[in-house]
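# Close look at the chain arrangement
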Amino acid sequence: MRADAVMVYDVGHHLIASTVSGISTEDLMPADYAWDRVVESHLSGVTVLTAEDGPTADDQHAAPISEELWQLARRHLPEARGLRAMVAESEGIRGEDLVAKVGRLAAEVEIWRADGAAR
C-alpha cells in the first residue's frame, strides 16, 4: 500500500547509504520506487573517510559534486516526472564555485528532461 504523500529524493544521501552499507546504489533502490511522488531533489558533495570499522560518509554542502553523484542523479531523476524543485546545497562555497555548480545543474536538468521524455 502506498501513502498519498510527496517525496524528496536526496542524491547524496543515496550515495552515502550505499557507501557505508557496502550495497550498490542500484541494489538500494527498490524496483517499485514511487518516482511519480518525487517533487524535490537535493544534491550536494559527499565526503568519504575511512575509519577502523569501515567507511563513513557525510554530505558536505561546500564540497564539489563528484561525477559519480552527477551520474547517479542522471540515472534516476528522469524517472521523477513530477520533479518541481532541484536544490543544489551550497552553503560555504565561493561565488565562482556556485556559478559553476548552478551552470552544471542547469545543463543536467536539460539532459534529465530529454531522458525523461524518451522513457
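Residues numbered from 1 in each chain as written. Predicted model: local features only at pLDDT ≥ 70, side-chain atom pairs only at ≥ 80, totals over all residues. Heavy atoms only, no water.

Moving on: the overall build of the protein chain. When you go through the protein chain residue by residue, the secondary structure sums to four helices and five strands. Order of helices (α) and strands (β) in the protein chain, N terminus to C terminus: β-α-α-β-β-β-α-β-α. Computed over C-alpha atoms, the radius of gyration of the protein chain comes to 15 Å, within 12% of the 14 Å expected from 2.2 N^0.38 for 119 residues, which places it in the range of a compact globule. Based on the C-alpha atoms only, the size of the protein chain along its principal axes is roughly 40 × 35 × 25 Å. (Helix = DSSP H or I, 4+ residues; strand = E, 2+ residues; numbered from the N terminus. Rg over C-alpha atoms; globule rule 2.2 N^0.38 Å.)

This next bit is on the packing of aromatic side chains. One pass over the full model with this rule turns up two aromatic pairs. Relative to Trp 35, the ring of Tyr 9 lies with its centre 5.0 Å away and its plane at 80°, an arrangement referred to as edge-to-face. On the criterion of sequence distance, the pair formed by Tyr 9 in strand E1 (residues 7-10) and Trp 35 in the loop between helix H2 (25-28) and strand E2 (38-43) is long-range, its members being 26 residues apart. Each of the two residues, Tyr 9 as well as Trp 35, counts as buried. One aromatic cluster in this structure is built from Tyr 9, Tyr 33 and Trp 35. (Phe/Tyr/Trp six-rings, centres within 6.5 Å; stacked < 30°, edge-to-face > 60°. Buried < 20%, exposed > 50% of the residue type's maximum accessible area, 1.4 Å probe, protein only.)

A sheet is described by the order of its strands in space; here three strands give the open sequence E1-E2-E5, paired in parallel fashion. Of all strands in the sheet, those with a lone pairing partner are E1 and strand E5 (85-88), marking the two edges. On average, adjacent strands in this sheet sit at an angle of 20° to one another, irrespective of strand direction. As paired strands, E1 and E2 are joined by four bridges and run parallel to one another. (Pairing = 2+ DSSP bridges. Axes fitted to C-alpha atoms, helices over the stretch in contact; angles between N-to-C directions.)

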